Amino acid sequence: MPVLNKMRTEIINIKKLVNTRVENKLLRGKELADLPNLDDAYLLIEDGVITDFSSMKELPAEFKHSPSVIDATGQFVLPAWCDSHTHIVFATSREEEFVDKLKGLSYADIAAKGGGILNSARKLNAATEVELFNSAWKRLDEISKLGTGAVEIKSGYGLSVEGELKMLRVIKKIKEKSKLSIKATFLGAHTFPIEYKENHQGYIDLIINEMLPVIAKEKLADYIDVFCESGFFSPDETEKICRAGMAYGLKPKIHANQLNLSGGTQVGVKLGAISVDHLETIDDVAIQTLANSNTIGTLLPTAAFFLRMPFQPARQLIDAGCAIALATDFNPGSSPSGNMNLVNAMSCIQMKMLPEEVINASTINGAYAMELENEVGSITVGKQANLILTKPISSLAYMPYAFGSNLIDKVMIGGEWV
Ligand code: NIG
Ligand code: FE
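The structure displayed is predicted, hence computed values, not measured ones.

A few words now on empty space enclosed by the protein. Take a probe with the size of a water molecule and roll it over the atoms, and the empty space left behind shows itself. What the rule picks out here adds up to two cavities of 30 Å³ or more. The volume enclosed by the largest cavity comes to roughly 150 Å³. Taken together, 14 residues form the lining of the largest cavity, with Y107, I117, H190, N331 and S334 sitting closest to its centre. Of the residues contributing to the lining of the largest cavity, the split by class is four nonpolar, eight polar and two charged. The space that makes up the second largest cavity amounts to roughly 40 Å³. Around the second largest cavity sit I50, P79, A80, V376, G377, S378, I379, Q384, N386 and L387, which together line it. Residues belonging to the lining of the second largest cavity are distributed by class as follows: six nonpolar, four polar and no charged.

Below, the discussion takes up the pairing of strand β9 (residues 223-228). Of all six residues in β9, six are buried, a share of seventy percent or more. The alternating pattern of β9 places Y223, D225 and F227 on one face and I224, V226 and C228 on the opposite face, and all of these are buried. Summarising the sheet, strand β8 (residues 181-189) and β9 pair through three bridges and their orientation is parallel. Bridge pairing links T185 to Y223 in β9. One crossover worth recording links β8 to the parallel β9 by way of helix α6 (residues 200-217), and it is right-handed. This β-α-β element, β9 to helix α7 (residues 235-246) to strand β10 (residues 251-256), shows right-handed connectivity.

About the cut-offs
- Residues numbered from 1 in each chain as written.
- Chains lettered and ligands numbered in written order.
- Predicted model: local features only at pLDDT ≥ 70, side-chain atom pairs only at ≥ 80, totals over all residues.
- Heavy atoms only, no water.
- 1 Å grid on protein atoms, 1.4 Å probe; cavity = no way out; pocket = protein on both sides within 12 Å on 5 of 7 lines; lining within 4 Å.
- Points joined across faces, edges and corners; volume = space filled by probe spheres on them.
- Nonpolar A, V, L, I, M, F, W, Y, C, P; charged D, E, K, R; others polar.
- Buried < 20%, exposed > 50% of the residue type's maximum accessible area, 1.4 Å probe, protein only.
- Helix = DSSP H or I, 4+ residues; strand = E, 2+ residues; numbered from the N terminus.
- Pairing = 2+ DSSP bridges.
- Right-handed = clockwise from strand over helix to strand, strands pointing away.

Limitation: the analysis is restricted to geometry and does not speak to function.
Next comes the structure, spelled out in structure tokens:
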């Protein structure tokens, strides 16, 4: 029997190996500031998996002469970002609305002109699956070079049976072809299509009776999401839609408390949601409810920034003991950026999170928010080798501090450099 050589990469002289963990743990409250690191380390990757790491003092002799060894003197190695909330399948960008807003139109004015989510839905329904795949693939390529190795992608710009299924089939194809770890979320309840504006029950019936059975049959989604917000879906409607999804095994991840005190956090916790996301507009009652639950609060600071809204009260949430993840919300309307490095910087600068807290929230807790904690999100033996190799930097805090610089040298996904 011939001995098959394993695909190996050895990284040596790593200045700091970041987020090294033996066991997984969803981090809440004070635990978020505890980031285990190893100074002056080596890391071994075999067949796409992390198989060993330790201090350089323990370096196995054969490493020094290996042809695949990388000398990372001065550089840091982190787990790749886990972006647990995006909408990266969309037909076109919406910068014309951005300019309209600069000229004084409000979100409501734009919606009244047929803009916003409905604008994206019209364009998505006119686009082919191939066009949608190609444009989403480019965004995925862009974010992987920015250090993202795992990503959740939502539907929600179809708002019709064909449109939603088309989006989810595109996500399925991306899942099959991409080296990134991907989770799909059905967000048919993103808004009410115009023809159902006065007939909410009609659209909810369409979601429950026409969309969900096909989604379940074709295994098109892992999660179900609802935009629980005044003017969109009420907590009761949210519950009804989520329960219908849950009957097919789809766990909820909910858009909650973005624009109003909508009750979204409470309904998410009641349903045992994996996460409630946004949380720009949240009160003490909702914070306490979240803190006393296993549901993760996912903060999306670039959406708050882009819409000029108050940032999420991260300190209050952490002080209350909540489990926090950070994500980009990459979408054409409220966060046209999938840059997790910027999310981290903004979380420090505007929400006063510590560098250690943002790294945990963007890696291990983000992995939990996609139920990928056994595959990615930390430097752990047996996990997939999804890594960021930084340029030489002075300290970990330099990453969010130097917010406009690209500090990534290379990104590895599943053992291969992208
Ligand atoms: O997560 N809040 C709802 N959905 C998106 C925005 C969608 C859009 O404007 O296209 C969000 O921010
Ligand atoms: Fe979103």
